[in-house]
Amino acid sequence: MENRDMPPRPYRATKLWNEITTSFRVGMPLRKHRQHFKKYGNCFTAGEAVDWLYDLLRTNSNFGPEVTRQQTIQLLRKFLKNHVIEDIKGKWGTENLDDNSQLFRFPTSSPLKTLPRRHPELRKNSIENFSKDKDSIFKLRNLSRRTPKTHGLHFSQENSEKMNCEIIDEDQENLADNREISQKDIEEVWRYVILIYLQTILGVSSLEEVINPKQVIPQYIMYNMTNTSKHGVVILQDKSDDLPHWVLSAMKCLANWPRSNDMNNPTYIGFERDVFRTIADYFLDLPEPLLTFEYYELFVNILGLLQPHLERVAIDALQLCCLLLPPPNRRKLQLLMRMISRMSQNVDMPQLHDAMGTRSLMIHTFSRSVLRCAEEVDLDELLAARLVSFLMDHQQEILQVPSYLQAAVEKHLDYLRKGHIKNPGDGVIAPLPTYSYCKQISAQEFDEQKVSTSQAAIAELLENIIKNKSLPLKEKRRKLKQFQKEYPLIYQKRFPTSESEAALFGDKPTIKQPMLFLRKPKFRSLRY
């Protein structure tokens, strides 16, 4: 894309890294081990670490049950490389770790990474710019715009007339009293409405750490909303941006297996594996993931909604976010998700891998083609796998066109056209929908909130250790002692006195009372 801004730093991914490393450091059981006729205290084997971390990741809403044991080993290798752990001799910096009895320990240094701060330009152009002029809310000229790559976005005459008729020609009888609406007005309303809906769905006070309004291209949204097939798949007018014919044929073959319409396909043993490898090679060779580098932070943030009671929220949010994609990316994502979803549910699909099932293979193969960061992020593989798994299960809802969005834009344009927005001198104000606006904070407030958020997560870990009834008393004492050593201020805040600490175990205060000094009585001899 032309004139592209620098993609957002991986703030959310870094925060997740800190949460996982903190949980692993506090919760991983340590004990004595013997190796080569020597005893080592406060350590663990690689196999024990894989077992513990594997259970943690599968129960974490950001990663889910799709996490494999091999992915867990890969993460532990990242831990060793980043000095979250070290071998028993203090060596680290490599990824030399396997699922075996090799001994490792925690270093004395903190494993937490510094949370990146967004570029000042992104903060300045945040969503809060929308509240600068509430009386002329649709005249958002203060937002700088960039020229998107065309991607064949030449609206056909039929679709253009349809859009204009739906939005502008509704009240032709009152045309004399209506205000003229420009194409720029329409585009700004689309940008404004989708951001407001996204902010409302996510339930956040600000989208500042999620997306920059300049990243929202109204032309992409309008094209993705109107130029679709009867199945909702984007139709590209410029075929040079489309999937190659041979890739489309291969995807169609596997999606409809074994009922492919193309009867000219060979039927040799292993044919379906070769077709799948052809499709995988194409998507893996793409220079950018389908969700683009600049929307990485946006989609990673939505991953934190992926919980059973927030499933509907995640679907609605992803539905809007996928509309922001360039039309060629959205079309490729739609076709890919439809194919792998059908393949994973097809009981007649031959085995495509000797060790993996079809669903796991689909996630493992295409996750990097869907989501990854421009900068290397240690949790990329796990985060992408979680998102692709969710997209597979809900692709029909997520990748369809939301009708309510079109209706909301029409309503807002109707207010604008009829002059129901206050203009200088006319004194007319219309009852527009009420929205909440975010407030820009200072750099100091940002840093304070960042620290308080991290401390709250660590304090929550302490409470989990305290309230864990299945944990043996001796092990709980050991974990609390380790926590006190790592985070003394948080521990002191939770247990300000020795009495409060002793109350947890039902013990007496650790302060011993002075003992009375008793003189030994002298015994006289029985002899006279």
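Residue indices follow the written sequence of each chain, beginning from 1 at its first position. Residues qualify for local features only when their pLDDT is at least 70, as the model is predicted, and side-chain atom pairs are given and counted only at 80 or more; totals for whole chains, interfaces and linings, by contrast, use all residues. Hydrogens and waters are ignored; side-chain quantities use all the structure's heavy atoms.

## Comments concerning the overall build of the chain
In this description a helix means any DSSP run of H or I spanning at least four residues, a strand means any run of E spanning at least two, and both kinds are numbered starting from the N terminus. A count of helical and extended segments in the chain gives 19 helices and four strands. Counting only residues that meet the buried cut, the chain has 49% of its 528 residues in that class. Long-range pairs, those at least 24 residues apart, make up 73% of the contacts in the chain between residues at least 6 apart in sequence. Each accessible area is a Shrake-Rupley estimate made with a 1.4 Å probe; only the visible protein chains count as cover when residues are assessed. Carbon together with sulfur atoms contributes 52% to the accessible area of the chain, which is approximately 28,300 Å² in total. The classification of residues rests on relative accessible area computed with a 1.4 Å probe and restricted to protein chains. Under 20% of the type maximum is buried, over 50% is exposed, and intermediate values are partly exposed. Only heavy atoms matter for contacts: two residues are in contact if any of them lie within 4.5 Å across the pair.

## Here's the deal with helix H13 (residues 358-370)
If you check H13, its first and last C-alpha atoms are 18 Å apart, about what 13 residues at 1.5 Å a residue would give, namely 18 Å. At His364, H13 is deflected by roughly 25°, the largest bend along its length. Among the residues of H13, those classed as buried are Thr358, Leu361, Met362, Ile363, Thr365, Phe366, Ser367, Ser369 and Val370. As for H13, its buried residues are in contact with helix H9 (271-284), helix H12 (327-345) and helix H14 (380-398). Helix span is expected to be 1.5 Å times the residue number reduced by one. A residue's bend is given by the angle between axes fitted to the 7 residues ending at it and the 7 residues starting at it.

## Some thoughts on helix H15 (residues 403-417)
Spanning 15 residues, H15 covers 21 Å between terminal C-alpha atoms, matching the ideal 21 Å at 1.5 Å per step. Taken together, the buried positions of H15 are Leu405, Gln406, Ala408, Val409, His412, Leu413, Asp414, Tyr415, Leu416 and Arg417.

## Things to note about the nonpolar core
We call a set of buried Ala, Val, Leu, Ile, Met, Phe, Trp, Tyr and Cys residues a nonpolar core when their side-chain atoms join them within 4.5 Å. In this structure, Phe24, Phe79, Ile85, Phe283, Leu336, Met337 and Phe366 are the most contacted members of the largest nonpolar core, which totals 116 residues. Every residue in contact with Phe283, bar those within four places of it in the chain, is listed here: Leu243, Met251, Leu290, Lys332, Leu336, Phe366 and Ser369. Membership of the second largest hydrophobic core comes to 13 residues, among which are Val26, Tyr491, Phe495 and Phe505.

## Looking at the packing of H9 against H12
Each axis is a line fitted through C-alpha atoms, and for a helix only the stretch in contact is used; angles between axes span 0 to 180 degrees, taken between their N-to-C directions. Viewed as axis vectors pointing N to C, H9 and H12 meet at an angle of 145°, and their least axial separation amounts to 13 Å. As H9 packs across H12, the resulting crossing turns out to be left-handed. Of H12, the residues touching H9 (which contributes Phe276, Ile279, Tyr282 and Phe283) are Lys332, Leu336, Met339 and Met343. By residue class, the composition of the contact of H9 with H12 is seven nonpolar, no polar and one charged. Take the far helix as the reference: if the near one is turned anticlockwise from it by less than a right angle, the crossing is left-handed, and if turned clockwise, right-handed. In this classification, the charged set is Asp, Glu, Lys and Arg, the nonpolar set is Ala, Val, Leu, Ile, Met, Phe, Trp, Tyr, Cys and Pro, and all remaining amino acids, among them Gly, are polar.

## Here we look at the environment of Met225
Along the polypeptide, Met225 turns up in helix H7 (residues 218-226). Separated by 177 residues in the primary sequence, Met225 and Pro402 place their C-alpha atoms 8.1 Å from one another.

## What about the sheet that holds strand E3 (residues 86-87)?
The strand order across the open sheet formed by four strands is E1-E2-E4-E3, and the pairing between neighbours is antiparallel. Looking at strand neighbours, the two that pair on one side only are strand E1 (31-35) and E3, the edges of this open sheet. Here, any two strands with at least 2 DSSP bridges between them count as paired.

## Regarding the state of the cysteines
When two cysteine sulfur atoms lie within 2.5 Å, the pair is treated as a disulfide. Applying the stated criterion across every chain yields a total of zero disulfides. Here Cys322 stays unpaired: no disulfide links it, and the sulfur of Cys321, its closest cysteine neighbor, is 6.9 Å away.

## Thoughts on the pattern of salt bridges
The salt bridge criterion pairs a side-chain nitrogen of Lys or Arg with a carboxyl oxygen of Asp or Glu, the two atoms within 4 Å. Taken as a whole, this structure holds 19 salt bridges when the rule is applied. Measuring nitrogen to oxygen at the nearest pair gives 3.0 Å for the salt bridge that ties Asp316 to Arg312. Within this pair, Asp316 and its partner Arg312 are both found in helix H11 (residues 311-323), separated by four residues, close to a single helical turn. Taking the shortest distance from any N to any O, the salt bridge between Asp414 and Arg417 comes out at 2.7 Å. Taken as a pair, Asp414 and Arg417 lie in helix H15 at a separation of three residues, close to a single helical turn. The class for Asp414 is buried, based on a relative accessible area of 17%. By relative accessible area, Arg417 is classed as buried at 2%.

## Notes on the confidence of the model for the chain
Each residue carries a pLDDT value, the predictor's own confidence for that position, ranging from 0 to 100. Looking at the chain, pLDDT values average 78 and 73% of them are 70 or higher. For the chain, helix H4 (residues 120-124) is the element with the lowest average pLDDT, namely 44, and H12 is the one with the highest, namely 96. Under a pLDDT of 50 for its full length, residues 1-9 has, in the predicted model, 26 contacts with residues more than four places off or in other chains. Across residues 119-147 the pLDDT falls below 50, and counting only partners more than four positions away or on other chains, this stretch makes 79 contacts in the model.

## A look at the pairing of E1
In the sheet, E1 pairs with strand E2 (residues 38-45) via four bridges, with the strands oriented antiparallel. Looking at the pairing, His33 lines up with Tyr40 of E2.

## As for the pairing of E2
Taking the residues that link successive antiparallel strands as the turn, the E1-E2 hairpin has two residues, and the phi of His36 there is positive, at about 55°. Across two bridges, the pairing between E2 and strand E4 (residues 103-105) is antiparallel. By the bridge assignment, Thr45 is partnered in E4 with Leu103.

## Describing the packing of aromatic side chains
Whether two aromatic rings pair depends on their centres lying within 6.5 Å, for rings of Phe, Tyr and Trp, where Trp uses its six-membered ring; planes under 30 degrees apart make the pair stacked, over 60 edge-to-face, and the rest tilted. Counted by the stated rule, this structure contains 15 aromatic pairs. Of note, Arg494 hangs over the ring of Phe495, and the distance from its end group to the ring centre comes to 4.9 Å. Only when the NZ atom of a Lys or the CZ atom of an Arg is both within 6 Å of the ring centre and within 35 degrees of the ring normal do we say a charge sits over the ring.

## Examining a positive patch on the surface
Residues with no salt bridge and a relative accessible area higher than 30% make up the patches, which join like charges within 9 Å and nonpolar side chains (Val, Leu, Ile, Met, Phe, Trp, Tyr) within 5 Å. None of His or the chain ends enter the tally, which takes Lys and Arg as positive and Asp and Glu as negative. In this description, the location of a charge corresponds to atom NZ of lysine, CZ of arginine, CG of aspartate or CD of glutamate. Taken together, the side chains of Lys32, Arg34, Lys39 and Lys474 make up a positively charged region of the molecular surface. When you line up the elements, Arg34 lands in strand E1.

## Observations regarding the packing of H12 against H14
Interhelical geometry of H12 versus H14 gives an angle of 85° and a closest axis separation of 9 Å. For the element pair H12 / H14, the angle class is roughly perpendicular. Where H12 abuts H14, its residues Met337, Arg338, Ile340, Ser341 and Ser344 lie against Val388, Leu391, Met392 and Gln395. Counted by class, the contact of H12 with H14 contains five nonpolar, three polar and one charged residues. To sort the angles, those under 35 degrees are grouped as roughly parallel, those over 145 as roughly antiparallel, those from 65 to 115 as roughly perpendicular, and the leftovers as oblique.

## Remarks on unusual backbone geometry
Cis rather than trans, the peptide bond between Trp257 and Pro258 has omega equal to 0°. Summarising the element assignment, Pro258 is placed in the loop between helix H8 (245-255) and H9. Residue Phe37 is not a glycine yet carries a positive backbone phi of 65°. Mapped onto the elements of the fold, Phe37 is located in the loop between E1 and E2. Even without being a glycine, Asn42 presents a positive backbone phi close to 50°. When you line up the elements, Asn42 lands in strand E2. Under the relative-accessibility criterion, Asn42 is labelled exposed at 52%.

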